[in-house]
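# Structural characterization, general
For reference, the chains in residue letters:
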Amino acid sequence: MTTHRATAERAEGMEAWVPDVEVKVPGVEVRPAAGHIGAEITGVDLAGPLDDAVVALIRQAVLRWKVVFFRGQDLDHAGHVAFARRFGEPVVLPRRGPHSPPDFPEVETTADRLELAGRYGMERDEWLHRRRHTLLRGWHCDYGTRVDPPAATVLRADAVPPYGGDTTWANLAAAYAGLSAPVRAFVDGLRAEHRLGVGYQPRPGDDAYVRHLLDHQVVSEHPLVLVHPETGERVLFVNGYYVEEIVGLSRPESTAILEMLVEQAVRPEYTVRFRWEPGSVAFWDNRSTIHLAPSDHAHLGHSRIMHRVMLAGDVPVGVDGRRSEAVVGTEPGRW
Ligand SMILES: [Fe+2]
C-alpha cells in the first residue's frame, strides 16, 4: 500500500489524496469519470485470478477516486466473495433479505420492489413516504450507525431496468475540502449521533416499524469530521439518513447546520452517477462517500437485482484523535 504524503495542505484537507507512486499495470486503465469522484477500470477480469499488482492498482484507485466501476464482468457469488476478500474481510450479516443466497453468507441480495412491498405491514409507497422526511433523505453510507461502519462495499448488478435505477455517489473528502476555512475549523471538533429511523413519521396507532426500531436500534456517536485511516484525508462524515443531532447543539442549531453540511456534501461537483448494466460492478470506499439509492425505477415494472459484499471497517477517529463510541446495539467487530 502506498503511503500518502504528509504535506501541510494534505493535513488541512485542502488537496485530494494522490498516491506518491501510481501503480501501473500494462493493459489496465483507470479512466476518471468526473472531477472529484469515480473512475472506470478497464482491462481486468474480476473472475480470474488477480495478481498483486492489479489488486494494488484497484486499491489505489478506490482510495483516489472513492468509487470505481467495472463493466461486463461475469462474477458468480463465489467469485464476488473471492474478489472482495483480496481487499479485506467480508462482513457476515446476522440478518439478510429473503432473496440472499443461503450458501454464501457474505452476499446480500436486494430485489428492491419485491422486498419493500408489504414491509412492516405497509405498501412500499407509504413506507418510503414515512421515511423520507427531507429531500436529502436517501443519501447514506452502508451501516453508518455501527460504531465500525464497513470500510468498503462491492456491489454487482444482476438484473437492471433498461433505463432508470442509476446510483449516485458523493465524495465527502472533497466536500470537506470545499468548505471555507472558518467552517472547517468549526466542524472539526464536533461529533454527531447516528441512529436508525431518524425523522421517521410513525403511523397512527400501532406501527410495526417503530416496534422493530425499539428492538433493533443501533446508535453510535461519530466524529463529524473523521480522518481517513488510509489516506489521512479529512472526511465530512454526514448523511441524510442516520444523522439528526450534533452533540451539544440545540435541535434548531443541529438541523440548520446539518442541512447546510449535507447540501454541501451532495453538490453536483462532488458526485458521480453510474448507469448499471448486467455484469457491472461498483467498488466504493464506504468511509469517504455517501450514495443515493435510486427511486426512479420502481414504477417502470422492471426488476432490479443487486448483490452486495461489504468489507469490515475500523472504528473511525476524529481530527482530535477521539474515536467513535458505541451507544446502543453495536460493538466493534461484532455483527
Ligand atoms: Fe447503500
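Residues numbered from 1 in each chain as written. Predicted model: local features only at pLDDT ≥ 70, side-chain atom pairs only at ≥ 80, totals over all residues. Heavy atoms only, no water.

### With respect to the sheet that holds strand β5 (residues 139-140)
Across the sheet, which stays open at both edges, the 4 strands sit in the order β5-β15-β7-β13 with antiparallel pairing between neighbours. Across the chains shown, the open sheet's two edge strands, defined by having one partner strand only, are β5 and β13 (271-274). Sheet topology places β5 next to strand β15 (residues 289-292); 2 bridges connect them, and they run antiparallel. Opposite H140, over in β15, you have H291 as the bridge partner. (Pairing = 2+ DSSP bridges. Helix = DSSP H or I, 4+ residues; strand = E, 2+ residues; numbered from the N terminus.)

### Let's talk about the packing of aromatic side chains
All told, the structure shown has 13 aromatic pairs when counted by the stated rule. Geometrically, the ring pair formed by F87 and F283 is edge-to-face, given 4.9 Å between the ring centres and 75 degrees between the ring planes. With a gap of 196 residues between them, F87 in the loop between α3 (77-85) and β4 (108-111) and F283 in strand β14 (residues 281-285) connect regions that are remote in the sequence. Residue class for F283 comes out buried when judged on its relative accessible area of 3%. An aromatic cluster is present here, built from F69, W169, F274, W276 and W284 joined pairwise through their rings. The aromatic ring of W65 is capped on one face by R64, whose charged end is 4.1 Å from the ring centroid. Between the NZ or CZ atom of R137 and the centre of the ring of Y241, over which it lies, the distance is 4.3 Å. (Phe/Tyr/Trp six-rings, centres within 6.5 Å; stacked < 30°, edge-to-face > 60°. Buried < 20%, exposed > 50% of the residue type's maximum accessible area, 1.4 Å probe, protein only. Lys NZ or Arg CZ within 6 Å of the ring centre and 35° of its normal.)

### Examining the coordination of the iron ion
Looking at the iron ion, the protein donor atoms are H140 (NE2), D142 (OD) and H291 (NE2), and they sit 2.2 Å from it. Counting gaps between the donor residues of the iron ion yields the pattern H-x1-D-x148-H. (Donors = N, O, S within 2.8 Å, 3.2 Å for Na, K, Ca; no water.)

### Things to note about the nonpolar core
L224, L236, V238, L261 and I290 are the most contacted members of the largest nonpolar core, which has 32 residues in total. Of all the elements in the fold, those that place two or more residues in this core are α6 (172-177), β10 (225-227), β11 (234-236), β12 (243-246) and α9 (251-265). Among all residues touching I290, those that are not within four sequence positions of it are W139, H140, C141, T168, W169, A170, L172, V238, N239, A265 and V266. With 26 residues, the next largest nonpolar core counts V44, A61, A152 and V281 among its residues. (Core = buried A, V, L, I, M, F, W, Y, C linked by side-chain atoms within 4.5 Å. Contact = heavy atoms within 4.5 Å.)

### What about the sheet that holds strand β17 (residues 325-328)?
In space, the 4 strands of this open sheet follow the order β12-β8-β9-β17, with antiparallel pairing throughout. Each edge of the open sheet carries a strand with a single partner, namely β12 and β17. The mean inter-strand angle of the sheet, taken between neighbouring strand axes irrespective of direction, is 30 degrees. Sheet topology places strand β9 (residues 219-223) next to β17; 3 bridges connect them, and they run antiparallel. (Axes fitted to C-alpha atoms, helices over the stretch in contact; angles between N-to-C directions.)

### A few points about the pattern of salt bridges
Counted by the stated rule, this structure contains 28 salt bridges. Between D142 and R308 there is a salt bridge, and its shortest N-O distance comes to 3.4 Å. Of this pair, D142 sits in the loop between β5 and β6 (152-159) while R308 sits in strand β16 (residues 305-311), and the two are 166 residues apart along the sequence. For the pair D142 and R308, a shared accessibility class is recorded, and that class is buried. D166 is the salt-bridge partner of R275, the closest N and O atoms lying 2.9 Å from each other. One end of the pair, R275, is in the loop between β13 and β14; the other, D166, is in the loop between β6 and β7 (167-171), and 109 residues separate them in sequence. One connected set of salt bridges, linked through shared partners, spans R59, E230, D285 and R287. (Salt bridge = Lys/Arg side-chain N within 4 Å of Asp/Glu carboxyl O.)

### Concerning the environment of E221
Within the secondary structure, E221 sits in strand β9. Under the relative-accessibility criterion, E221 is labelled buried at 16%. Sequence spacing of E221 and E193 is 28 residues, and the spatial spacing of their C-alpha atoms is 4.5 Å. For E221, the contacting residues outside a window of four places in its chain are R191, A192, V247, R322, S324, E325 and V327.

### A word on empty space enclosed by the protein
Scanning all chains against the criterion turns up 2 cavities of 30 Å³ or more. As a volume, the largest cavity reaches approximately 50 Å³. The wall of the largest cavity is formed by V91, L93, R96, P105, E106, V107, E108, R308, V309 and M310. It is β16 that provides the largest number of residues to the lining of the largest cavity, a total of 3 residues. Residue composition of the lining of the largest cavity, grouped by class: 6 nonpolar, no polar and 4 charged. (1 Å grid on protein atoms, 1.4 Å probe; cavity = no way out; pocket = protein on both sides within 12 Å on 5 of 7 lines; lining within 4 Å. Points joined across faces, edges and corners; volume = space filled by probe spheres on them. Nonpolar A, V, L, I, M, F, W, Y, C, P; charged D, E, K, R; others polar.)

### Side note on the side chain of N239
Relative to the helices and strands, N239 resides in the loop between β11 and β12. Of the residues examined, N239 reaches a relative accessible area of 2% and is grouped as buried. From its side chain, N239 meets the backbone nitrogen of Y241 in a polar contact 2.8 Å long. A distance of 2.7 Å separates a polar atom in the side chain of N239 from the backbone nitrogen of Y242. Contact partners of N239, with chain neighbours within four places excluded, come to W139, H140, C141, H194, V262 and I290. (Polar contact = N/O pair within 3.5 Å; in protein donor to acceptor, adjacent residues only side chain to side chain.)

### Things to note about unusual backbone geometry
Phi at K66 is positive, roughly 75 degrees, even though this residue is not glycine. Mapping K66 onto the fold places it in the loop between α2 (52-65) and β3 (67-70).

Nothing here speaks to function; it is geometry throughout.
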